[in-house]
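Chain by chain, the residues run as shown.
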Amino acid sequence: MDATTFTERVCVVIQSSDVSDDEVRRRLGSALPLKFTRWEDRAYMAAIRSLRPRVIVVAAADERAADYAALLGALLDSDAPTIATLALSREHIFIQQLGAGEQAQILSLDDLLLR
């Protein structure tokens, strides 16, 4: 797949079974349509291939979200879309990987925390 493949204005949310759709919707907002899938049903790669989302959010109740996102990044090639993590135990959403050709916009460097 190449970067032009991931251009659809949709967000695929891959979540663990301990995370509700409503909580994810509340935290992510409504900027993009959300398509939900779960790690446990193993349909997330089919959803990614069929929908070609610009953004993938990996959601978990705790820090496992970052581990899951790293795994997903390894499964996709370098032209993957933007991958973010949503750990319900944290206040912020983290960008794990910025998609090819994408840019992030922040108000000031106060909003930037490099890890």
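Preceding block: the structure.
A brief structural summary. Here the structure is a predicted model, which is why all the values come from computation and not from measurement.

The rules behind each value
Residues numbered from 1 in each chain as written. Predicted model: local features only at pLDDT ≥ 70, side-chain atom pairs only at ≥ 80, totals over all residues. Heavy atoms only, no water. Helix = DSSP H or I, 4+ residues; strand = E, 2+ residues; numbered from the N terminus. Rg over C-alpha atoms; globule rule 2.2 N^0.38 Å. Buried < 20%, exposed > 50% of the residue type's maximum accessible area, 1.4 Å probe, protein only. Contact = heavy atoms within 4.5 Å. Lys, Arg positive; Asp, Glu negative; His and termini not counted. Charge placed at Lys NZ, Arg CZ, Asp CG, Glu CD. Pairing = 2+ DSSP bridges. Axes fitted to C-alpha atoms, helices over the stretch in contact; angles between N-to-C directions.

Secondary structure assignment for the protein chain yields 3 helices and 5 strands. In terms of overall size, the protein chain behaves like a compact globule, its C-alpha atoms giving a radius of gyration of 13 Å where 115 residues would be expected to give roughly 13 Å. By principal-axis analysis of the C-alpha atoms, the protein chain measures approximately 35 × 35 × 25 Å. Out of the 115 residues in the protein chain, the part that is buried amounts to 35%. Taking the contacts inside the protein chain whose residues are at least 6 apart along the sequence as the reference set, 60% of them involve residues at least 24 apart. Each charge class in the protein chain was averaged separately, 13 positive and 17 negative side chains, and the resulting centres sit 4 Å apart.

Turning to the sheet that holds strand S2 (residues 34-38), a few remarks are in order. Pairing within the open sheet is mixed, and its 5 strands lie in the order S2-S1-S3-S4-S5. Two strands bound the open sheet, and with one partner strand each, they are S2 and strand S5 (94-97). Direction aside, the axes of adjacent strands within the sheet are offset by 25° on average. For strand S3 (residues 53-60) and strand S4 (residues 82-87), the ladder comprises 6 bridges, and the chain directions are parallel.

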